[in-house]
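Remarks on the overall topology
In case you want the letters, here they are:
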Amino acid sequence: MLIFLRRFLVVLIGIVLVAAPTVVRDWGWRYNERNYTPPDVPDLSFAATPMPTPTPLAVKELAPINDNELRAGPVVVDFAHFSFLNPASLQPLADALADRGVGMRYWISTVDPMKLENFADFPDQSAELAAQLRDASALFVISPIFLWTEQEIAVVEHFVADGGRLLLISDPDFAGDVPSLTNMLAEPFGIVFNDDYLYDTTHNDGNFTFFFQGEATDQAANLADATIAFYGGRSISGAVAVQMRSAATTASSLRIGQSGFATVAIGGVASRNTQGRVLALSDFDVLSEVYRTRHDNQRMVDFVADFLTADQRINRVADFPNYLGKQVALAFGTTAAINAELLHQGAQLQQRLESSGRTLALTNSNVLTNSVTIAERSAATITDLIYLADYTTARAQTTLLADLGIDLVTEVVTSTVTPTEATTAAKPTPAVTATKTATPQANATPSVAATGEITTTVAATHTTAVTATATLTTAPAITATATVTASAPVTPTAPKPTVTITNYLVTATGLRLLADETVLVVQTRGADGAFVLAVLGADSRGIDAGVKRLLDNDFTDCVLGDLLTFCSLPGTGGAASSQSSGSAGKASESGTSEPSPKQEPTPAPSGGRIGILLVDDNRAAGQNEAGEADSYLQALIAAGYSVDLWDAASQGAPTVADLAKYAWVIWSNGGYNEGKMLAEDMDIIFNYVREAGKVTISSRFPLPGIEEPSTVRDVAIDDTIPTLVQELPDEPIALAAEQIAANLTPLAADASGGQVVLRRGPASDDAAAPLLVVLTDTSATTSTAQVMIVGVAINGLPQEVSNTLVNNMATWMLGE
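Residues numbered from 1 in each chain as written. Predicted model: local features only at pLDDT ≥ 70, side-chain atom pairs only at ≥ 80, totals over all residues. Heavy atoms only, no water.

**A closer look at the overall build of the protein chain**
Across its full length, the protein chain carries 19 helices and 35 strands. The burial tally for the protein chain puts 46% of its 816 residues in the buried class. A separation threshold of at least 6 residues defines the contact pool for the protein chain, and within that pool the share at least 24 residues apart is 73%. Surface accessibility of the protein chain: about 40,000 Å² in total, with carbon and sulfur atoms responsible for 54%. (Helix = DSSP H or I, 4+ residues; strand = E, 2+ residues; numbered from the N terminus. Buried < 20%, exposed > 50% of the residue type's maximum accessible area, 1.4 Å probe, protein only. Contact = heavy atoms within 4.5 Å. Areas by Shrake-Rupley, 256 points an atom, 1.4 Å probe, with all protein chains shown as cover.)

**A closer look at helix α2 (residues 91-99)**
Listed as buried for α2 are Pro92, Leu93, Ala96 and Leu97. Across the axial projection of α2, the buried residues extend over an arc of 135°, all falling on one side. In this fold, the buried residues of α2 make contact with β1 (75-78), β2 (104-107), β3 (138-142), α6 (289-292) and α7 (297-308). (Arc of directions from axis to C-beta.)

**A short note on the nonpolar core**
If you look at the biggest cluster of nonpolar residues, it comprises 41 residues, and the most contacted ones within it are Leu636, Trp664, Leu772, Met788 and Met809. Take this core: its biggest share by element is 8 residues, from helix α19 (residues 799-814). In terms of nonpolar packing, the next biggest core, distinct from the first, is built from 39 residues, Leu85, Ala226, Val286 and Met300 among them. (Core = buried A, V, L, I, M, F, W, Y, C linked by side-chain atoms within 4.5 Å.)

**So, the pattern of salt bridges**
Overall, the coordinates contain 25 salt bridges when judged by the stated rule. A salt bridge links aspartate 311 to arginine 277, with the shortest nitrogen-to-oxygen separation between them at 2.8 Å. One end of the pair, aspartate 311, is in the loop between α7 and β14 (327-333); the other, arginine 277, is in the loop between β12 (262-267) and β13 (278-281), and 34 residues separate them in sequence. By relative accessible area, aspartate 311 is classed as partly exposed at 29%. Arginine 277 gets classed as buried once you look at its relative accessible area, which sits at 13%. With its nearest N and O atoms 2.8 Å apart, the salt bridge here joins aspartate 557 to arginine 549. (Salt bridge = Lys/Arg side-chain N within 4 Å of Asp/Glu carboxyl O.)

**Side note on the packing of α2 against α7**
Angle between the axes and distance between the axes: these two values describe a pair of packed helices. The interhelical angle for the contact between α2 and α7, taken along N-to-C directions, is 55°, at an axis separation of 9 Å. Judged on the interaxial angle alone, α7 and α2 are oblique. Where α2 crosses over α7, the two elements pack in a sense that is right-handed. Here α2 contributes Pro92, Leu93, Ala96 and Leu97 to the contact with α7, which in turn contributes Val301, Asp302, Val304, Ala305 and Leu308. In the contact of α2 with α7, the residues fall into 8 nonpolar, no polar and 1 charged. (Axes fitted to C-alpha atoms, helices over the stretch in contact; angles between N-to-C directions. Parallel < 35°, antiparallel > 145°, perpendicular 65-115°, else oblique. Left-handed = near helix turned anticlockwise from the far one by under 90°. Nonpolar A, V, L, I, M, F, W, Y, C, P; charged D, E, K, R; others polar.)

**Looking at the packing of aromatic side chains**
Counted according to the given criterion, the structure contains 13 aromatic pairs. On the numbers, 5.2 Å between centres and 80° between planes, the contact of phenylalanine 79 with tyrosine 106 is edge-to-face. Of the two residues, phenylalanine 79 is situated in the loop between β1 and α2 and tyrosine 106 in strand β2; the sequence distance between them amounts to 27 residues. Assessed through its relative accessible area of 11%, phenylalanine 79 is described here as buried. Residue tyrosine 106 is classed as partly exposed on the basis of its relative accessible area, which comes to 36%. Centroid distance tyrosine 323 to phenylalanine 531: 5.2 Å. Interplanar angle 25°. Geometry classified as stacked. (Phe/Tyr/Trp six-rings, centres within 6.5 Å; stacked < 30°, edge-to-face > 60°.)

**Side note on helix α11 (residues 540-552)**
Across its 13 residues, α11 extends 18 Å between first and last C-alpha, which sits within 8% of the 18 Å expected from 1.5 Å per residue. Its side-chain oxygen at 3.2 Å from the backbone nitrogen of arginine 541, aspartate 539 defines the N-terminal cap of α11. Two residues or fewer after α11 comes asparagine 553, characterised by a positive phi angle close to 50°. (Expected span 1.5 Å × (residues − 1). Polar contact = N/O pair within 3.5 Å; in protein donor to acceptor, adjacent residues only side chain to side chain.)

**Notes on the pairing of strand β29 (residues 664-668)**
In terms of residue burial, β29 counts as a mostly covered element, since 5 of its 5 residues are buried. Here β29 shows a buried face lined by Trp664, Ile666 and Ser668 and a second buried face lined by Val665 and Trp667. Direction of pairing for strand β27 (residues 612-616) relative to β29: parallel, over a ladder of 5 bridges. For valine 615, the partnering residue across the bridge sits in β29 and is tryptophan 667. Summarising the sheet, β29 and strand β30 (residues 694-698) pair through 4 bridges and their orientation is parallel. When the bridges of β30 are listed, isoleucine 666 appears paired with threonine 696. (Pairing = 2+ DSSP bridges.)

**Side note on the side chain of aspartate 162**
By the secondary structure assignment, aspartate 162 is in the loop between α4 (150-161) and β4 (165-169). Once residues within four sequence positions are removed from consideration, aspartate 162 is found in contact with Arg313, Ile314, Arg316 and Asp319.

**Focus on a nonpolar patch on the surface**
Where nonpolar side chains cluster on the molecular surface, the patch consists of Met1, Leu2, Phe4, Leu5, Phe8, Leu9, Leu12, Ile13, Val16 and Leu17 and spans about 1,100 Å² of accessible area. Note on leucine 5: relative accessible area 40%, which makes it partly exposed. (Patch = residues over 30% accessible without salt bridge, like charges linked within 9 Å, V, L, I, M, F, W, Y side chains within 5 Å.)

**Focus: the confidence of the model for the protein chain**
The share of residues in the protein chain with pLDDT of 70 or more is 76%, and the mean pLDDT across the chain is 79. pLDDT under 50 marks residues 370-375. Its contacts with residues more than four places away, or in other chains, come to 19 contacts. Counting interchain partners and residues more than four positions distant, the pLDDT-below-50 stretch residues 419-491 has 129 contacts. (pLDDT = per-residue confidence, 0-100.)

**Observations concerning the sheet that holds strand β16 (residues 384-390)**
Judged by pairing direction, the sheet is mixed, and its 6 strands sit side by side in the order β15-β14-β16-β24-β23-β25 without closing on themselves. In this open sheet, the two edge strands, each paired with only one partner strand, are β15 (359-362) and β25 (564-568). For this sheet the average axis-to-axis angle between neighbouring strands, irrespective of direction, equals 20°. As paired strands, β14 and β16 are joined by 6 bridges and run parallel to one another. From the neighbouring strand, alanine 331 faces β16, where its bridge partner is tyrosine 387.

**Some details on unusual backbone geometry**
Of the consecutive residues phenylalanine 320 and proline 321, the connecting peptide bond is found in the cis state with omega at 5°. Note on placement: proline 321 falls in the loop between α7 and β14. Phi at asparagine 273 takes a positive value of approximately 60°, unusual for a residue other than glycine. Along the chain, asparagine 273 turns up in the loop between β12 and β13. The residue histidine 295 is not glycine, and still its phi comes out positive at about 50°. On the secondary structure map, histidine 295 appears in the loop between α6 and α7.

Shown next, in the form of structure tokens:
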């Protein structure tokens, strides 16, 4: 009973304690009957900041546009290695650069990072980078996500050594920032971003990672009185010139017990000519719109903009047209009328110059004459000048070569054969003499005196034929034949002497260069400051090669100098060059004897095209894999044709303009197992054909879409076009080794009427299927266009058969 009463009292007291406050508030104090009045709350201010912001100032007036000067190259911003940088954050820096006459350009990558299997698969972009930096003033790289390759770093080093500026930022509060990735590019310039962050718990701008700068020196000395805050930054080390250090109270998360950390520094390596041209910054926020209005941070933006625009690119010959002024004149060194090829060169140069804000106007060739030297030209009549000429004209009409200490020398070598020893019933041994004359080239063609005679007397009692043969090292073999009878001695007709003429460029130091294999690019200035850029070659082909180098900014295989740049002419230096490179190595003969018919020059068809272009399409060639182009080359050279060789692996595919200069184009990849004609190559070829071009495609897979391969073991002729099969065997011709090639039956079945010249032999798969087909287009603009498709590698044929076939091709393709 007592226990029950105790529990009851506890429950009762609990109810009273819970209910009592409500009873007091409602019945005693009457809270439930009072009205609620909310307290006063201050208005919300979104502009509240830890420290007062500067008073807004009126925007300054824009500077007038200067129409008299060319604008400097832009600052390239690297987005190609991907970064979480918001382009809108670059607005303050872009404004400051624009005030200094410099723009900003974003480099965007075409790489899809979602297709990369791992981080290291990011491809090299050095070629794209070189193109971006070609006309740039500076490069800006901030916290890249993907690796810089060695080739890309080399491009940047060359750019900085050439006068460009580099801005590097690694910001620890930047999303995706890894300082080691930035250091890949920074370390070649002696700069290291440390993997720490700086903080200040004593004196900061409202957050312990918002720290102030304590010292400004060197180029930043004018900021010593400024209050500049960084909003998240790291320390910088290395062989650098420190520009700014953090305050004494600022600490590092990694470098314990130190202070006065470098946060802005200038690096570079003197031995590589990059010293003083690389700025390292450990905070990007100070340059952004949100924070540049804080304290004196705008002065930091101006400091960075001043650094990026302080230098001037060192414009070498490869930097065309950056070293030219706004007004440029173009002169051709020729006494004849300007033809279409020269006008085409001028049009290409004009396009390139206009794209860079320059203008080009034609002028006459009298601007550089023997009576007017470079130093005497007047700026009132002559602007910067591009001069295109051959060596002979430049030497005869101007002082350009003489001013540079270069002489054009013609060397004439004359060889004569004089057999003097009489013999009976035996072959006489001729005496050989050679004379060599080196003559500086003048306006008149040097005369060559050829002396010598051949007298051979043979006594015999019966009729016999005697042949005297002499093989010379300086000229082709000469054969003299005499028919001798018993009754009278025979004196054969004296053979013609052989003359070889070679032109050399001789420098002041005695260096001798073959003129026909050399392109000379000259950069010089007159006393008036006008710039002269001259491209000189032995002929129009050499000049065109020099112009192409300027337009492509490609002088990688040239010997560069401050005034003179020597470049090799593409396609020279091999067996073909002695036959196709102009006067060097050419043999001329005097006398009345008739030359061999095989030595006649290539006939020029209608349309003004001359010569043969042989394209060795070796882009898919395997290591040590020999192609068939050499078989075409040797056969044509032996027949006396002029052949230019195009190496596709080193020169890339030729353009339509490259093909348009030639009467006949041979595109060869039939000797390579992986050689195939690409669709883009066929576009080039057919554009050439539409202009009445004549082309031979020698490929085992000549057309995209006709690629059902089968084995070829022998070849049989078809006499549809007798000229192409003359002197070829009537029986099937066995190949040295079987080949896999496409079946060309669809071409013969074409409604356009393809003519079959060669077929697969009976031992081959798909016997009697076409192997050599000729297509004729009579709708071309000037004359008949011809396409010859050879579906077998001719180096697999016996040599005498392939030589005969190639000679027949030349006769038929080049005949009118």
